[in-house]
Amino acid sequence: MTGPIRRVIENVEDYPRPPALEPTDDIIRIVFAGRTIAETDEAFRVLETFHAPTYYLPMAAFAEGVLQPGKGTSICEWKGRASYFDIVADGQRAQRAAWSYLAPTAAFAPIKGHFAVYAEPMDACFVGGERVEPQPGNFYGGWVTSWIAGPVKGAPGTTHW
């Protein structure tokens, strides 16, 4: 029998700017409308100073039909233009709950065809079996885990550091 995974504590103050992109083999799982709608061990995570990691899952990780085009776009100075997607399952809809860079900048080309998901509107999101907390506020999409330390931006008054 194995115990919990021992993790090195990562301080968000030590994450780089511009952000770094790295693959992760942690199992990423997302539950919505009472069922697992996405699961993979082939995700990427973006690490940026004072942000919780944001996880990008390949389209193939999502159950068929749960990602539907949503309204609006936004610009990231590092990754490019994000397009938003609704998550729909079993009669429930989370509007603009996911986003993707359909034509990312060269530095973030590996996340083309990948989707990040806001944890808050989901029933639950997991990294390596640990249930995450959403990054504070309603703008950033990072996932906070027990191995993340330091001040995570996103709460009122912290969005412009």
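This one's a predicted model, so the numbers in the text were calculated from it and none came from an experiment. (Residues numbered from 1 in each chain as written. Predicted model: local features only at pLDDT ≥ 70, side-chain atom pairs only at ≥ 80, totals over all residues. Heavy atoms only, no water.)

S.K.: Whenever I open this one, the packing of aromatic side chains confuses me. Can you help?
M.R.: To describe a pair of aromatic rings, one takes the distance between the centres and the angle between the planes. Scanning all chains against the criterion turns up 7 aromatic pairs. Look at Phe-62 and Phe-115: their rings are 5.9 Å apart centre to centre, the planes differ by 75°, and that puts the pair in the edge-to-face class. In this pair, Phe-62 is assigned in the loop between β6 (54–58) and β7 (67–76) and Phe-115 in strand β10 (residues 114–117), connecting sequence segments 53 residues apart. By relative accessible area, Phe-62 is classed as buried at 9%. Both rings, one in Trp-99 and one in Tyr-118, keep their centres 4.7 Å apart while their planes meet at 50°; by these two values the pair is tilted. Of this pair, Trp-99 sits in strand β9 (residues 92–100) while Tyr-118 sits in the loop between β10 and β11 (124–127), placing them 19 residues apart in sequence. The exposure class of Trp-99 is buried, given its relative accessible area of 6%. The rings of Tyr-56, Trp-99, Tyr-101 and Tyr-118 are connected pair by pair, giving a single aromatic cluster. Note that Lys-79 overlies the ring of Phe-108, its terminal NZ or CZ placed 5.7 Å from the centroid. (Phe/Tyr/Trp six-rings, centres within 6.5 Å; stacked < 30°, edge-to-face > 60°. Helix = DSSP H or I, 4+ residues; strand = E, 2+ residues; numbered from the N terminus. Buried < 20%, exposed > 50% of the residue type's maximum accessible area, 1.4 Å probe, protein only. Lys NZ or Arg CZ within 6 Å of the ring centre and 35° of its normal.)

S.K.: In this structure, what is going on with the sheet that holds strand β3 (residues 28–32)? I would like to understand it.
M.R.: What holds strands together in a sheet is hydrogen bonding between their backbones, with the strands either parallel or antiparallel. If you trace the 4 strands from one edge of the open sheet to the other, you get β4-β3-β11-β12, paired in antiparallel fashion. Single-partner strands in this sheet number two, and they are β4 (35–40) and β12 (130–131). Pairing of β3 with β11 involves 4 bridges; the strand directions are antiparallel. Note on β11: the bridge partner recorded for Arg-29 is Phe-126. (Pairing = 2+ DSSP bridges.)

S.K.: Explanation requested: the sheet that holds strand β8 (residues 80–89) in the structure shown.
M.R.: Spatially, the 7 strands line up as an open sheet ordered β2-β5-β6-β10-β9-β8-β7, and their pairing is antiparallel. Each having just a single partner strand, β2 (20–24) and β7 make up the two edges of the open sheet. In this sheet, neighbouring strand axes are inclined to one another by 35° on average, regardless of whether the strands run parallel or antiparallel. Note that β8 and β9 share 6 bridges and pair antiparallel. What sits directly across from Phe-85, in β9, is Ala-98. (Axes fitted to C-alpha atoms, helices over the stretch in contact; angles between N-to-C directions.)

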